[in-house]
Structure formats: C-alpha cells, structure tokens
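# Geometric and topological summary
Residue-level listing of the chains:
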Amino acid sequence: MLDLPIAPLDETITIDQLTLAPYPIYKRLRAEAPVLRVKSVGRTFLTRAADCKFVKDTPAIFSSDDPNTPMKRAFQAHTLMRKDGPEHMAERMAMAPALMPKTIQEVWAPLYRKLADDYLDRLPRGEVVDLHKALSAPIAARILAHILGIPEATDEQMIFWSQALIDGAGNFGWLPEPFVISDHANLEMDALLARAVERVRAEPDRSALSVMVNAENPIPMSQIVANIKIAIGGGINEPRDALSTIVYGLLTEPGQLEEVRRTGKWGAAFEEGVRWVAPIQASSRLVLEDVEIRGFHIPRGDTVMTIQASANHDEELFDHPERFDAFRARNPHQAFGSGPHHCGGAHVARRTVGAIMLEALFERFPNMALPDPEIVMWRGFGFRGPINLPVALG
Amino acid sequence: MSLDTPVLPRSGLDPFGIDFFNDPYPEHEKLREAGPVVWLERYGVHGIARYAEVHLVLNDWATFCSSRGVGLQDFSRETPWRPPSLVLETDPPEHDRARKVLARVLSPLTMRELRDGFAEAADALVAGLVGREIDGIGDLAEAFPLSVFPDRIGLAREGREHLLPYAGLAFNAFGPDNALRREAMARAAPHVAWVTEQCRRENLSPDGLGARIHAAADSGEVTPDEAVLLVRSLLTAGIDTTVNGIGAALYCLARFPDQFQALRADPKRARNAFEEAVRFESPVQTFFRTTTRAVELGGATIPEGSKVLMFLASANRDPRRWDRPDQYDIARKTSGHVGFGSGIHMCVGQLVARLEGEVVLEALARHAAAIEIAGPPVRSYNNTLRGLARLPLRIR
Amino acid sequence: MKITFIAADGSETLVDAAEGESVMQAAVQNDVDGIIGECGGSMMCATCHCYVDDGWTEAVGGQQDGESDLLDCAASEVRPSSRLSCQIRMRAELDGVVIHLPESQL
C-alpha cells in the first residue's frame, strides 16, 4: 500500500459551486480525477459508479459511524444511520415491518391514494401554482407521518422538523444557530412522541412506531425515538424532491410524457428522475483501514464521499447521462444507495410517488404545463432538487 | 432609472454595534436629519428614525407585516431560530385569535388581582434598600420582577436562572449575525430546554397566569400546542423588558434629581414617571417589519419584501413630535410614545410593566429621600434591548 | 369635523378631528385634559373612558364587543352612556359630537 500514491488534492472547488452547479464539476472529475481530495469539503470524492458501490457494499472498511459529523449533535442521538454491523441491523429490522412491500400494499398504498386525491383536490386550477410547496412537500410529510405512527403531527411541523434536522446534521461549520433550531425540533418531537408512544401501546397499528414499541423484544426507547427522527430527517425532502424533479423532467420532455402516458411506464419515469438528479447527492464514510481505490492509497482515518449524483451519470453505465430519458434500456442508478444502508424507504417511495402520484397528477391535470422552465432553481450539494416548480395546472 | 427617481440618503451606521449602543443619540439625530427614510448600507435595509414614519409603519400592519419576522431575518427565506411567536410574529387573522387570549389574561381585571401583592413586595424590597449603597440593577430592577412575576405565572422554582439569559437570547436573535447573536446562540441549549419545558401545562401551577392561558385551550380558543407558545411569549417578553424598564426609571431619577424630588412630593406621579422613563430610555430600541408590497414612504419607493428597521428610541426623542425630548420630565404627557409600540401589536404586557414600574417608583417615593449614582454604571449590550448591567446607587 | 369635550367641571373645549380618527386620539392630540389613552387605543385599559351626550347616543351607537369588560375597571362611575373613546371613530354623522369627560381616569 505504501508505494501507492495518495489521491491528488484540489483546492479550487468551492462549496458554493457544488451547491449551485455540481454536475459539470462531477463530469470533469469522472474523466480526470475520479479519486480526489477536495479541500473545501475535507473529503475524498469518489465520482465513479463502481467505486461508490464498492464503498457502500464494504462496511467493514468504510464505516458509517463517523464521530466527526454534526449529526449526533443535531439529533441528540446516535441513529442507525451512523451504525454498523449487528447493532445497525437490529435497529433496521425493528422498523422494517412497517416499510415492507406487504404493509405498503395493504395499508400505505391505499391510504396514499386517498391522500393524493385530497391533496390534488386542494390545488387551485386556472393559476400558476408552486407544485413543490403546494403538493410535493406536504404529501411527503403526510404519508410519512402515518407510516411513522405520528399522524397527529401537522404537515408544517413535519416539514420544519425535517429541515431543522437536515440543516443541523449538515452544519459542518459547527455554527451555533442550526443546533438551536434542531434543539427546538427535538423538544417538539420528543413531546409528541411521548404521547404517540402511549397511544400505540394502547392501540397498536402497522406504523413504524407501533411495531417498534410493541415488539416482543423491543430495542431501547432511546433508539426507537432516534430512528423515528432519522426517518423524519430522511423521509420528506427526498420524496418531495423526487416528485418535483420527475415532474420537471416529464414537463420538459413532452414527447416522453406522451409515451409514458400511453404505455403507463410511470415507474420508469420515477427511476429516471431519481437517477437524473439524485435527491441525496453524496454520502460520507469513515475509512477504518488502509485501502486501495482505483490505484490510490486511501489511508485509515480518511473520510471518503460517495457522490451518487455522479455515479448516476457515469458514462460507463449510461448513455447521454445528462439528459432525462425515461426510456433507457437499463437504469442501474444508486439514488437509493447500496449495501446495508440502502434506503429503507425505497419501496415506499417507488409505490407511492412512482406508482400512484405521477399517474394521478397527470391524469387530473392533463394540460399541466411549465410556463418558464428557466425560472426553476436547482440547489444543493448534499441534498439536491428544485426549490420551486411553478406550473400552470390548466 | 429616471432622473426623477429620488435617491435615498445612505448611512454606513451599524445600528447593532457596541459604539452605537454606548451612545446612540447623535446617530439617531443624523438619521432623522438625513431624511424620512434612510438606506442602511451595512445590512441592506431601509431605516426610519422619525416619529411620523415609525408611527405610520407600526399602524399599517397589512403593508408592513410581522409574519415574516420582526428581526433582520426574513422568515419567508430563512428558518426562524425557534418556532415563531403566535402573537409577535403573525398577522391578522391568526394574530388576533392569539392576542385575544393574552390580552384577557393580562387585562386590567387581572391587574386588580395583582396590585396589592405587587405593592407589598415592592414596599418590602425598597424599604430594605434605604440607607445603603446598592446595585440598582441586581438589587432592584432585576430583583423585583423576578420576585413577583414568575410566581404569578406559576413557574417552578428550580431553574429560574434561565429566564433572563433566554430573554437576552431572544432579543439578541432579532439582530444580525454578529458576535452578540452568535455568543447567545452558542450558550442557548440549556436555556431553550428549560424554558420550553416550563411552558407545558403540567409544569405550571394551576392558579397562575400560565394555567389561565392553557385554560383557553379547554374552551377551544387555541390548541394545546398554541397555549404552550403563548406561555413562552410571557416568559420571553415579560421579564427582561421590565428589568430594563425599571432600570431605566432608576437611572433617570438618579440623573435628574429634581424629578425624583417632584415624585417624592406627589407619589401618585409614579405611574407617569415610569412611562416617561420608557419613552426616555426606550428599553426596546428597535424592531423590523417586512413590506408585503411596493410602498411609497417619505417620498421613496420601498420594494416588496424589504426589511424596514424602526428606530423606536429615536422616534421617542424626535423634536418634530416632542418638546425638549432629551429632558426627563415626569409631568410630560407621554401618550403616543412608541416605547411599547403602537397599533395591533402594541405590547400586550404593558399593564404588567406599568404596574411593576408604578409600585416600585411609588415605594421609592415614600421611603427614599434621595437617589444618587454612587459609581460608574456598566452598560449591558443586546441587539434589541437597552439597559445597564450594573448601576451603583446610594439610596438615602 | 368638530368634537366638543365637556369636562367634569363644566368647562368646554372644541377640537378638530379627521374622519376615521378616534375620539381618544383627537383628545390626546389636542391636549384635552381628562382623557389619557394609556394603552394607545389597543383596548387594554379604561383610561379613555367618556360619557356620550344624550343627544348623540343614537348616532354614536352602543358599546362594542369587549368594552364593558374593560369599563368594569374604569376609575369613574360607569353609566349607560359610557364608552371607550378609542372605539368611537369619527365619521360624517358624528360631526359636532358632544363628549362628557369623567372626573378621573386613574
């Protein structure tokens, strides 16, 4: 290992650039420097699909338990997202029954269908609506509240908590204010969860909270709470962004939209949307022992960053990756990650946003149009999506 | 841009800087003289320092709204540091529903209930200070409100040391991301945790004012979650403000001995003496509003979504409105000052403040022959509040 | 428009008022002794208490929601003609209104 070079160091890429327009940078890196230490972020970037998958599939070397991230402070807890091995598995299994296809089919999908109708009913016709705020965000919040077992939380509360946790977890500058905001969110969530726990003990249901609380050998309450919170942090912005991204993609490719409608391939449109702009663009792993990636020595103690956004555009796997194309022959994207931490909500996302909402939305508003695609703003380095989506519903 | 468009006067003033806090009055005058609206370059906001404009803005809530925050942060663009206040950071109709509850709990009828207890406590406290050298802040301006108000709210006894730091944090938070705000945020966690807990119904005494707020949830006027936030409003704005108000009154009376003698001669003037101190020192120095549309003000057009900084303290000394504004005069007709604001958001706790001020000054008028400054006062710095950290006084 | 204030001692003051202005504001702006308006018109005190002259009660109208609760705390006797003057807004029909002032407000 000692004769392998360390990855080159870049001192020019800024966080602002990555937040505003990362894709051209990732394209360049894939070609010129697929393993690159990026000073401004303090991480070794991996921009090729194979390397990202290798890291995610090898938890023995690449650990999720990074003590240097602000996540613990933000969540006031050690969540399953930052654990490895059997402990991680145990906590993951504890909530799995609420997220598995059978439960989705029996409970969440029918509920989502009803909610989709309700939320579509509320959209005003005959004017330009910001679909991102008016639909994508609230429907994501609402279904998640049910799945988690906290339906008494309002959409606004869920959305605030989610953003507060994300901002706190992403507070790598360790500024005080984002933690004050996440502290407030935690106080509110703790209070609401205390009441919800009593309720699901008395009246068990299929929700994540209920299955965890009422399990025969429950995991500690601190972990039940922590992992409900991680689901709030990770389960709203992503389906929100996914829906908005896919709608944008279809509205700017009317030929594809027509064909999707004709063939009913909403699932393919979903997969393409999350490939094209991955809602979670990058993830970190702590390197536990010296390892080689693509001829470079990655030393123990380094933190690598798998850039899913870039893996999803890897020219080795995808033709014309920068284009939204719902009819790709193959779509081996990593939007949901890979390995033991593969997104626990992937089935939910596919069977709600993909299988229900897209079709319902375009059926309800067949003449929906995007009056000015240029006005849609894309933002985000760690998480990415449109921050607005003004559509004319017709 | 046409040649007819008036160019706003500009100022490089930092209205949240220590130099300014030490002596804001010359800068206030410069702002007033520069024009009815001044562009404050440092933070990119419009400033108004004259009485007429401040009064107008306070009374046009639809154009100059509060729901986008009354500090520098625009809530439509940034996450507020805590869940917004239901009464301070809302507009009608949501505002009116919340305000109605607080106004009832802090009504003149409630003041009748509180008066005797407050007066007794003030009398006992002040009597014990006569003939001594004291810290007017620690021994009186802080001691009195802390000795009466938390009990009346029904707060637990343990942890009350969090009250003043929490309020200081909240008032610092209205300001820019400067050292004062950052330091307050860095120390916030324990204060936030305690205050948030104490607002819950189960932690409040059933015969206190906090319980009355929660009772409004029983009748469906507000939700239980909303009641919690309304109690939080009391804790945020109900103590540090009165500490600085009473401190202001003591500082005024000590600097203007003839006015203290006038008060001694007629202790019934105590209430107005306190009111005049609020005008003169303006414990709450500034607030922001955000425009909901493009608006003409003082000959300038302010675009939609602009933050407007109101210098309440400057309006309270604007010679265009006040005769001899820099004189502390307990006989002055103070009605119309903006130390408690004006319009629909005018301080909902003003009666509590006046009651506290009145009983303390009345007790002083009856017990003390003179109040003298006995050493250099030490200023307390906060992005919104004006007050002293220490005021050495001799009470004879 | 005009308002005539009659103090408890019988002395009269005639003031100008603008449409939409409250009787309390007109009094305070014209330095009329006998109206304080401590809360600035935010319905939190009873120091703008007044008695509407008999000839004007119909035009002015009766107490609004919440006034009677506050008037309970008025310093002077509350009569059927009592109103909080901050709740009486000037309009054409009230030009020339006559308002009696109580003995004290505090």
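Residues numbered from 1 in each chain as written. Chains lettered and ligands numbered in written order. Predicted model: local features only at pLDDT ≥ 70, side-chain atom pairs only at ≥ 80, totals over all residues.

### Some remarks on the environment of Lys-56 of chain A
All names here are of chain A. As for its position among the elements, Lys-56 is in helix H3 (residues 49-57). In this structure Lys-56 comes out as buried when scored by C-beta crowding, with 22 C-beta atoms within 10 Å. As a C-alpha pair, Lys-56 and Ser-283 span 227 residues in sequence and 9.3 Å in three-dimensional space. Every residue in contact with Lys-56, bar those within four places of it in the chain, is listed here: Thr-306, Gly-337, Ser-338, Gly-339 and His-341. (Helix = DSSP H or I, 4+ residues; strand = E, 2+ residues; numbered from the N terminus. Buried ≥ 20, exposed ≤ 12 C-beta atoms within 10 Å, placed from the backbone. Contact = placed C-beta atoms within 7 Å.)

### Brief notes about the confidence of the model for chain B
When pLDDT is averaged along chain B, the result is 96, and 98% of the positions lie at 70 or above. Of the two predicted TM-score estimates for the complex, the pTM is 0.89 and the ipTM is 0.88. (pLDDT = per-residue confidence, 0-100.)

### Some thoughts on the sheet that holds strand S2 (residues 12-16) of chain C
In sheet architecture, strand pairing relies on hydrogen bonds along the backbone and comes in two forms, parallel and antiparallel. Residue and element names in this part refer to chain C. Taken in spatial order, the five strands line up as S2-S1-S5-S3-S4 in an open sheet, and their pairing is mixed. Strands with a single pairing partner mark the edges of an open sheet, and in this sheet they are S2 and strand S4 (82-84). Neighbour-to-neighbour, the strand axes of the sheet open up by a mean angle of 35 degrees, direction not taken into account. Relative to S4, strand S3 (residues 49-52) runs antiparallel, the two sharing three bridges. Across the sheet, residue Cys-50 finds its bridge partner in S4, namely Arg-83. (Pairing = 2+ DSSP bridges. Axes fitted to C-alpha atoms, helices over the stretch in contact; angles between N-to-C directions.)

### Regarding the environment of Cys-73 of chain C
Inspection of the secondary structure assignment puts Cys-73 of chain C in the loop between helix H3 (67-71) and S4. The residues contacting Cys-73 of chain C, other than those within four sequence positions of it, are Pro-108, Leu-109 and Arg-112 of chain B together with Ala-46 of chain C.

### Examining helix H16 (residues 346-364) of chain A
Residue and element names in this part refer to chain A. With 19 residues, H16 extends 25 Å between its outermost C-alpha atoms, agreeing within 8% with the 27 Å of an ideal straight helix rising 1.5 Å per residue. At Met-357, H16 shows its strongest bend, of approximately 35 degrees. Every buried residue of H16 is accounted for by Val-348, Ala-349, Thr-352, Val-353, Gly-354, Ile-356, Met-357, Leu-358 and Leu-361. For H16, the secondary structure elements touched by its buried residues are helix H5 (85-99), helix H6 (101-121), helix H7 (131-148), helix H12 (237-251) and helix H14 (266-276). (Expected span 1.5 Å × (residues − 1). Bend = angle between axes of the 7 residues up to and from the residue.)

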